[in-house]
Amino acid sequence: MGEEAVEFSVEKVAEDCKQSTVDVGDRTYVIGRSDDDSKSSIIIKILEKLTQTWVVPTVLGTQPTLTESQSAIPVNDEKILIIEKGVPLNESIWFLEIDTPFVKQQRKIKGTEVVSWSKGVIGVGQKPVVISGPSGVGKGTLIAKLMKDYPSKFGFSVSHTTRSPREKEIDGVHYHFTERSKIEKDISEGKFLEFAHVHGNIYGTSIEAVESVTDEGKRCILDIDVQGARSVRASSLEAIFIFVCPPSFEELEKRLRARGTETEEQIQKRLRNARAELDQSNSPGLFDHLLVNDDLETCYENLKQLLSLDDDQEDSDDLFIKDGKQTASFCIVSKHDSEILLQPEPNEAKNGATSLLALDLSSLSGGAPGRTRGLKIRSINSF
Ligand SMILES: Nc1ncnc2c1ncn2[C@@H]1O[C@H](COP(=O)(O)OP(=O)(O)OP(=O)(O)O)[C@@H](O)[C@H]1O
Ligand SMILES: Nc1nc2c(ncn2[C@@H]2O[C@H](COP(=O)(O)O)[C@@H](O)[C@H]2O)c(=O)[nH]1
């Protein structure tokens, strides 16, 4: 995988796939469907125009579901917009990240050319909530209450871990229990938003874990340690960060022992780590809110109050969702400043879909790598 000079001509590429070619600076990106293997996939090739050499990049992220063809246009030096033909609009918008901060970082790590797929999502969704705190402080208990009381409002980011399941823990619900070699491979392929070595095991949040919750229209809750919170802070994901403190160290130890899920050795390790985590809770710019979990009901009420205080984005999507739910298939016509003009596919026009749409890219927001949120759509008069 990765960067390599490939001997083929533009003519050969054209034979191999139904492709779009997009010029960005000194490069031409060829994006198309390869039909030459049984598991046909989207191929990306880059022509360095100055040297006339081809590069096959490492492609990160989940690629679009294959359709017959696509239309593509550069958004800026960082991204190419791709609209897949033959699928409803809200399923069809994709970005190929060619020089975003994430791609630059991955290029450095891998030492090869890298591009990354990112699905376009209409609207912004509510900011995810990161909850950290020492083991045994009651994070899981608070989150379980929230999920039980507001099942349609909140969704839990199911982490991956290499630790063994506890009694009553269900794979895919509490964690994705996984092998070390598998998670290490997935991390190296850029599938994780963050990961950390915690109490002797690897824990990590996959991009998909967060984005699948947000895609359902729910607010995502992450239960992760302080190292993970730091990584998320440094990522493009805009979130709220809450640290849960125990009323005292003695009470923390009591709760951890009473839970009865760890050996004495593991409890000692968790308590040592707890001291370090408590020390870091005041790191400047890390946590937005500290909550003391003394009386559970009081702490839960405070948590609820905190979350509703940050509801400024609630319902802000509704303005744009209606047009995004168009079932017709569209293709790109042109670009004017930050707006891309889309028109229905010819056969859709025959079916009565005559409205042009303007896709506004001016307020694309964070989102983890894997999703580009903040797209706005408006109808333009019939032509
Ligand atoms: N306010 C509270 N008062 C007394 N006990 C509590 C309180 N909150 C939680 N507990 C109890 O403390 C124990 C630890 O809680 P919990 O498992 O939710 O902690 P946690 O922070 O999620 O731990 P970990 O990080 O190890 O997953 C549980 O037995 C829980 O019932
Ligand atoms: N950095 C991350 N930390 C995580 C993640 N999932 C859970 N955790 C933290 O690990 C400890 C221990 O959890 P336990 O279930 O073994 O008791 C706790 O502090 C969690 O917050 C993750 O994806 N990333």
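Let me sum up the structure you'll find in this document. What you are looking at is a predicted structure, and each value in this text was computed from that prediction instead of being measured.

## Side note on the site of ligand 2
- In the vicinity of ligand 2 there are 19 residues, among which Ser159, Arg163, Tyr175, Tyr203 and Asp223 approach most closely.
- Here an oxygen atom of ligand 2 and a side-chain polar atom of Ser159 are 2.6 Å apart.
- Separating an oxygen atom of ligand 2 from a side-chain N or O atom of Arg270 is a distance of 2.7 Å.
- Within the residue set of the shell around ligand 2, elements represented by two or more residues are strand S15 (192–198) and strand S16 (201–206).

## Concerning the sheet that holds S15
- The strand order S14-S13-S16-S15 describes an open sheet built from 4 strands, whose pairing is mixed. Since the sheet does not close on itself, it has two edges, and those belong to strand S14 (176–177) and S15, each with one partner.
- With 6 bridges joining them, S15 and S16 adopt antiparallel strand pairing. When the sheet's bridge partners are listed, Phe195 is paired in S16 with Gly204.
- Along the sheet, helix H5 (residues 180–188) contacts strand S13 (160–161), S15 and S16; its crossing angle with S16, the most-contacted strand, is approximately 40 degrees.

## Description of helix H7 (residues 226–234)
- If you check which residues of H7 are buried, you get Val226, Gly228, Ala229 and Val232. Each buried residue of H7 lies within a common arc of 155 degrees when the element is viewed along its axis, so the set occupies one face.
- Of the surrounding elements, those touching the buried residues of H7 are strand S11 (129–132), S15, strand S18 (240–245) and helix H9 (264–280).

## Some words on the side chain of Asp186
- Structurally, Asp186 is set in helix H5.
- Classification of Asp186 as buried rests on a relative accessible area of 9%.
- Separated by 2.7 Å, the side chains of Asp186 and Lys182 make a polar contact.
- If we skip the residues at most four places from it in the chain, Asp186 touches Lys191 and Phe192.

## Concerning the site of ligand 1
- In the neighbourhood of ligand 1, 14 residues make up the surrounding shell, with Ser135, Lys139, Gly140, Thr141 and Arg259 lying closest.
- Between Lys139 and ligand 1, the recorded distance is 2.6 Å, taken from a side-chain N or O atom to an oxygen atom.
- Between ligand 1 and Leu296, the relevant distance is 3.3 Å, taken from a nitrogen atom to a main-chain nitrogen or oxygen of the residue.
- Coverage of ligand 1 by the protein amounts to 73% of the 630 Å² it exposes when considered alone.
- Those elements giving two or more residues to the shell around ligand 1 turn out to be helix H4 (139–149) and helix H8 (249–259).
- Of the residues forming the shell around ligand 1, the biggest block, 3 residues, is contributed by H4.
- Class assignment of the residues belonging to the shell around ligand 1 gives a composition of 3 nonpolar, 6 polar and 5 charged.

Conventions adopted
Residues numbered from 1 in each chain as written. Chains lettered and ligands numbered in written order. Predicted model: local features only at pLDDT ≥ 70, side-chain atom pairs only at ≥ 80, totals over all residues. Heavy atoms only, no water. Near = heavy atom within 4 Å. Polar contact = N/O pair within 3.5 Å; in protein donor to acceptor, adjacent residues only side chain to side chain. Helix = DSSP H or I, 4+ residues; strand = E, 2+ residues; numbered from the N terminus. Pairing = 2+ DSSP bridges. Contact = heavy atoms within 4.5 Å. Axes fitted to C-alpha atoms, helices over the stretch in contact; angles between N-to-C directions. Buried < 20%, exposed > 50% of the residue type's maximum accessible area, 1.4 Å probe, protein only. Arc of directions from axis to C-beta. Areas by Shrake-Rupley, 256 points an atom, 1.4 Å probe, with all protein chains shown as cover. Nonpolar A, V, L, I, M, F, W, Y, C, P; charged D, E, K, R; others polar.

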